[in-house]
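# Secondary and tertiary structure notes
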Amino acid sequence: EGRAQIEAYRKLAREEYGREIQIWGNCYVVHGDTQKEAEAELNRYVVEKGDEAAVNLLTQVMGLQSLALPPEVLGHFKFHLKAGWGGYPLVGTADHMVDQLQKLSAIGFDGILLSWVDYLAGLERFNREVMPRLEQADLRRPLRSINRAAEVAA
């Protein structure tokens, strides 16, 4: 279903506007040594520490508090809004994240924007533990080759 939607956007851009486009998504990252550890951290910052008042106000502004949405759908939306602005969850071990990113690539995403609760610590761990696996899975070029390409272009 996701692949069909992405292809429909590409087709619309090509046929209606004469443009080739890239499709990007956003994911929130919760990295753990185990799946259980990552899920516990997600629960801690969303359920235990999440700013319910802010999310309620935001969903009101967006018009989502009406009775048009079933309560369980609204609750699911609020959870992911607190977790990472409604992004796709990358929650788990480094290997699990690579599997999820492979799936997103396979359905046609050209790139993914990532976010973390603790951005600096999260990015450092991601670079250390996930990026090498993404390179091995051929989902990312090694940083060395990107730096070299920039040097050649200069």
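Let us look at the structure shown here. (Residues numbered from 1 in each chain as written. Predicted model: local features only at pLDDT ≥ 70, side-chain atom pairs only at ≥ 80, totals over all residues. Heavy atoms only, no water.)

Following both chains from N to C, one finds helix H2 (residues 35–48) and helix H4 (residues 71–84) inclined at 110°, their axes separated by 9 Å at the closest point. As judged from the angle between their axes, H2 and H4 are roughly perpendicular. Counting all contacts with H2, which are made through Leu-42, Tyr-45, Val-46 and Val-47, the residues of H4 involved are Phe-79, Lys-82 and Ala-83. Taken together, the residues of the contact of H2 with H4 sort by class into six nonpolar, no polar and one charged. (Axes fitted to C-alpha atoms, helices over the stretch in contact; angles between N-to-C directions. Helix = DSSP H or I, 4+ residues; strand = E, 2+ residues; numbered from the N terminus. Parallel < 35°, antiparallel > 145°, perpendicular 65-115°, else oblique. Contact = heavy atoms within 4.5 Å. Nonpolar A, V, L, I, M, F, W, Y, C, P; charged D, E, K, R; others polar.)

Attention now goes to the packing of helix H3 (residues 52–61) against H4. It is at 10 Å that the axes of H3 and H4 come closest, and there the two elements cross at 115°. Between H3 and H4 lies a crossing of right-handed hand. Each of Glu-52, Val-55, Asn-56, Leu-58 and Thr-59 in H3 lies in contact with H4, whose residues at this interface are Leu-74, Phe-77, Lys-78, Leu-81 and Lys-82. Taken together, the residues that form the contact of H3 with H4 break down as five nonpolar, two polar and three charged. (Left-handed = near helix turned anticlockwise from the far one by under 90°.)

Before going further, it helps to spend a moment on the packing of aromatic side chains. Tallied over the full model, the rule gives two aromatic pairs. Pairing Trp-116 with Tyr-119 gives two aromatic rings, centres 5.3 Å apart and planes at 80°, and the pair type is edge-to-face. For Trp-116, a relative accessible area of 12% puts it in the buried group. The class for Tyr-119 is partly exposed, based on a relative accessible area of 48%. With a centroid separation of 5.7 Å and an interplanar angle of 70°, the aromatic rings of Trp-116 and Phe-126 are classed as edge-to-face. On the criterion of sequence distance, the pair formed by Trp-116 in the loop between strand S3 (111–115) and helix H6 (119–136) and Phe-126 in helix H6 is long-range, its members being ten residues apart. An aromatic cluster is built from Trp-116, Tyr-119 and Phe-126, whose rings are joined through pairwise contacts. (Phe/Tyr/Trp six-rings, centres within 6.5 Å; stacked < 30°, edge-to-face > 60°. Buried < 20%, exposed > 50% of the residue type's maximum accessible area, 1.4 Å probe, protein only.)

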